Amino acid sequence: MKNQARYYPVLLGIYSALGLVSSNIDQMRLKEGVRSIVIAVLFSLLVYLLFSWRIRDKEKASLLTALFLLFFFAYGHLYDALEGLKIVGVVLGRHRYLFPAWLLVSAALGWWVYKRSWKLGTTTRFLGLVSIILLVLPIIHIGSYEWGRYRTMQEPDSQAGQSSPQQKLPGSAGYLPDIYYIILDGYPRQDALSKYMDFDNQYFIEQLEGLGFTVPTCSQSNYAMTLLSLSTSLNMNYVEALGEGSLEGKILNSQARKLLEEHGYQTVALQSSIWFTDFVDADHYISQNQPVLSSFFDFSRLTEFEVVYLRTTVLRPLEEAKTAWLDALFQDHRQELYDLIMFQMDQLELVPQIEGPKFVFAHILAPHAREAYFNAEGEFAYSRSDAALTEEFQYLNQRTLEIVQTILAGSEKPPVIIIQGDHGLDTEVRMAIFNAYHLPGEGAKQIYPAITPVNSFRVVFNTYLGEDFPLLPDVSFYSPYEDMFNFTPVQYPCTP
């Protein structure tokens, strides 16, 4: 047991990655953190072996290894805690002050431990126990979350079967249009764009209207975040009425999807960057299909999680400085999302080639969170400025029009197309969303200026599939991310 306890520094090094995965597991897939965990294992083991090789006292070598790994892996966390801290008018929370101080303190403590002679058996056993506890806790959390995620992917929707669509003629005239549900994440309403970004979106709206779309001027999302918003739109009811089961499961196994499949529709889903909008079990799941092994060994591109992990280490100043050598070693991790967005838009134009009635779901993470990933020409150009985001809107609008035209031209029957923001800008009008409907025949008459997503599929089912869902009151509830079920009704002034 005593000899085994000496390996606690390696466990502490593993915790640096595993703990970060645990705290972010609800926002990522486990596979995105595997490479970081493997590297943490190898790096920690290498440091431990080097100290053990140079220092005969193995317990002291273990303690020095732990101090070095603390210095290496904890700097970014310390910087986050102290960033911007002022003392006597001097901002100490800057790399120019904090990094030398952290280095000096760590070196001095390490030298003191190295020169001091004492028995470390009790300390070693204690730190060994602490390292095991630290490692077990995130393993339990990750395991329980992954098990819950697996069950979410499998769970049936408790609302399924409340109606009996198979007892009705699907579409009273035998007309089953393809149904496209395209989510442009964070796409705001025209008046919000004009007020907060000085961007006139009228041309885009007029072009859509020329293609047969109805664009309600006063649409709001029902909730302020993707999970709540899509749970509502895809289940045609408010969160409070959805019953038992996770909201993630309500999206993956929604009532809208189940009813459409019972009516004979195939589900076509495009790969999403968010796991609970990634319908991997769809009849036609369209993904980039990058081989796992090749992506694992492709160190030219870091994932978003790996960049976050890098920023927790002593290498954070280099990452923030964007030094030439770092840029040469690694491709900007944000290009992975850019590539996926471009892939999604390209693939949407090919979907009409799939025969038979189909429900097409595409969650495109643009113009998400006021971050621009491409310029007006569609080239990769990451920026958080409003000017750059304006360019992204220009390309996104142009590309969306091209996609719509291709879908319309390639469809045997005029399709249903819903283009919708799940929420809007990160301002007080966050829930003022862009919303556009292509509803052939009499469907357009069912759209009114203040329609919200909770009623989108109710209109579609009633108009084309012979259902009889009553429209619900159009209400919007705001809640913050840290307390997502603390709802406050909101209404943004709008002139139809």
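Residues numbered from 1 in each chain as written. Predicted model: local features only at pLDDT ≥ 70, side-chain atom pairs only at ≥ 80, totals over all residues. Heavy atoms only, no water.

Participant: Lay out the overall build of the protein chain with the relevant residues and their values.
Facilitator: Check the secondary structure of the protein chain and you find 18 helices and 12 strands. The buried share among the 496 residues of the protein chain stands at 51%. A separation of at least 24 residues holds for 71% of the contacts in the protein chain among residues at least 6 apart in sequence. Total accessible area on the protein chain stands at roughly 23400 Å², and carbon and sulfur atoms take up 59% of it. (Helix = DSSP H or I, 4+ residues; strand = E, 2+ residues; numbered from the N terminus. Buried < 20%, exposed > 50% of the residue type's maximum accessible area, 1.4 Å probe, protein only. Contact = heavy atoms within 4.5 Å. Areas by Shrake-Rupley, 256 points an atom, 1.4 Å probe, with all protein chains shown as cover.)

Participant: Before we move on, could you go through helix α16 (residues 335-348) and cite the residues and values that matter?
Facilitator: Note on helix geometry: an α-helix contains 3.6 residues per turn, so any two residues three or four positions apart are oriented the same way. With 14 residues, α16 extends 20 Å between its outermost C-alpha atoms, agreeing within 8% with the 20 Å of an ideal straight helix rising 1.5 Å per residue. For α16, the tally of buried residues reaches 10 of 14 residues, placing the bulk of the element in the interior. Where α16 is concerned, the buried positions are Gln 335, Leu 337, Tyr 338, Leu 340, Ile 341, Met 342, Phe 343, Gln 344, Met 345 and Leu 348. (Expected span 1.5 Å × (residues − 1).)

Participant: Could you give an account of the pattern of salt bridges, naming the residues involved and the relevant values?
Facilitator: Summed over the entire model, instances satisfying the criterion amount to 15 salt bridges. Where Arg 257 meets Glu 261, a salt bridge forms, and the shortest distance between an N and an O atom there is 3.0 Å. Separated by four residues within a single helix, Arg 257 and Glu 261 lie in helix α11 (residues 255-262), roughly one turn from each other. Classification of Arg 257 by relative accessible area gives buried; the value is 6%. We classify Glu 261 as partly exposed; its relative accessible area is 32%. Put simply, Glu 371 and Arg 384 hold a salt bridge, and the shortest N to O gap is 2.9 Å. With Glu 371 in the loop between β6 (358-364) and β7 (372-374) and Arg 384 in the loop between β8 (380-383) and α17 (386-410), this pair connects stretches of sequence that are 13 residues apart. Exposure remark for Arg 384: the relative accessible area of 54% places this residue in the exposed category. (Salt bridge = Lys/Arg side-chain N within 4 Å of Asp/Glu carboxyl O.)

Participant: So what about the confidence of the model for the protein chain? Which residues, and what values?
Facilitator: For the protein chain, per-residue confidence averages 87 on the pLDDT scale, and residues scoring 70 or more make up 89% of the total. Segment residues 157-173: pLDDT under 50, and 32 contacts once partners within four positions in sequence are set aside and those in other chains are kept. (pLDDT = per-residue confidence, 0-100.)

Participant: Outline the packing of helix α8 (residues 202-210) against α17, supporting the account with residue identities and numerical values.
Facilitator: Packing of α8 against α17 leaves a shortest axis separation of 10 Å and a crossing angle of 5°. One way to sum up the angle between α8 and α17 is to call them roughly parallel. Residues Phe 204, Gln 207 and Leu 208 of α8 touch α17, and the partners they reach there are Asn 397, Thr 400, Leu 401 and Val 404. (Axes fitted to C-alpha atoms, helices over the stretch in contact; angles between N-to-C directions. Parallel < 35°, antiparallel > 145°, perpendicular 65-115°, else oblique.)

Participant: Account for the sheet that holds strand β5 (residues 284-286), naming residues and giving values.
Facilitator: On the basis of which strands lie adjacent, the open sheet formed by six strands has the order β5-β4-β6-β3-β9-β10 and mixed pairing. In this open sheet, the two edge strands, each paired with only one partner strand, are β5 and β10 (435-438). For this sheet the average axis-to-axis angle between neighbouring strands, irrespective of direction, equals 10°. Inspection of the sheet shows strand β4 (residues 266-270) paired to β5 by three bridges, in the parallel sense. Note on β5: the bridge partner recorded for Val 268 is His 284. Those strands touched by α17 are β3 (179-184), β9 (416-420) and β10, and its axis lies near 170° from that of β9. Packed on one face of the sheet, helix α18 (residues 456-464) meets β3, β6, β9 and β10 and runs near 175° to β9. (Pairing = 2+ DSSP bridges.)

Participant: Pulling in residues and values, what's your account of helix α3 (residues 31-54)?
Facilitator: Here α3 contains 24 residues, and its C-alpha end-to-end distance of 36 Å stays within 8% of the 34 Å for a straight helix at 1.5 Å per residue. Within α3 the residues assigned to the buried category are Gly 33, Arg 35, Ser 36, Ile 37, Ala 40, Ser 44, Val 47, Tyr 48 and Ser 52.

Participant: Could you give me a rundown of the packing of aromatic side chains, with the residues and numbers involved?
Facilitator: What the rule picks out here adds up to 35 aromatic pairs. Ring geometry for Tyr 187 against Phe 393: centres 5.1 Å apart, planes inclined by 85°, an arrangement best described as edge-to-face. Of the two residues, Tyr 187 sits in the loop between β3 and α7 (190-197) while Phe 393 sits in helix α17, which places them 206 residues apart along the sequence. Look at Phe 393 and you get buried, because its relative accessible area is 0%. We note Arg 54 situated over the ring of Trp 53; from NZ or CZ to the ring centre the distance is 5.3 Å. (Phe/Tyr/Trp six-rings, centres within 6.5 Å; stacked < 30°, edge-to-face > 60°. Lys NZ or Arg CZ within 6 Å of the ring centre and 35° of its normal.)

Participant: Can you break down the state of the cysteines residue by residue, with the values?
Facilitator: A complete count under the given rule lists one disulfide for this structure. Linked covalently through their sulfurs, Cys 218 and Cys 494 form a disulfide whose S-S length is 2.0 Å. An S-S torsion of about -80° defines the bridge between Cys 218 and Cys 494 as left-handed. Taken together, the positions of Cys 218 in the loop between α8 and α9 (226-235) and Cys 494 in the segment after β12 (488-490) put the pair 276 residues apart, joining distant regions of the chain. On the accessibility criterion, Cys 494 (26% relative accessible area) is partly exposed. (Disulfide = S-S within 2.5 Å.)

Participant: Which residues make up the nonpolar core, and what values do they have?
Facilitator: By size, the foremost hydrophobic cluster in this structure holds 92 residues, and its most contacted members are Leu 208, Ile 419 and Phe 457. Here this core gets nine residues from one element, more than from any other, and that element is α17. (Core = buried A, V, L, I, M, F, W, Y, C linked by side-chain atoms within 4.5 Å.)

Participant: Could you give me a rundown of unusual backbone geometry, with the residues and numbers involved?
Facilitator: Of note, the bond from Ala 366 into Pro 367 is cis; its omega dihedral lies within 30 degrees of zero at 5°. Inspection of the secondary structure puts Pro 367 in the loop between β6 and β7. One non-glycine residue, Met 236, adopts positive backbone phi at about 60°. Along the polypeptide, Met 236 turns up in the loop between α9 and α10 (247-252).

Participant: Could you give an account of the environment of His 263, naming the residues involved and the relevant values?
Facilitator: The topology assignment puts His 263 in the loop between α11 and β4. As a C-alpha pair, His 263 and Pro 357 span 94 residues in sequence and 9.3 Å in three-dimensional space. Here Glu 467 takes part through its side chain, which lies 3.4 Å from a polar atom of the side chain of His 263. (Polar contact = N/O pair within 3.5 Å; in protein donor to acceptor, adjacent residues only side chain to side chain.)

Participant: Can you explain the packing of α3 against helix α4 (residues 58-82)? Please cite residues and give values.
Facilitator: Between α3 and α4, the shortest axis-to-axis distance is 9 Å and the interhelical angle comes to 140°. Relative to α4, the element α3 lies oblique. Our pair here, α3 against α4, has a crossing hand that is right-handed. Here Phe 43, Ser 44, Val 47, Tyr 48, Phe 51 and Ser 52 of α3 come into contact with α4, specifically with Lys 58, Ala 61, Ser 62, Leu 64, Thr 65, Phe 68, Leu 69, Phe 72 and Phe 73. Partitioned by chemical class, the residues of the contact of α3 with α4 number 10 nonpolar, four polar and one charged. (Left-handed = near helix turned anticlockwise from the far one by under 90°. Nonpolar A, V, L, I, M, F, W, Y, C, P; charged D, E, K, R; others polar.)

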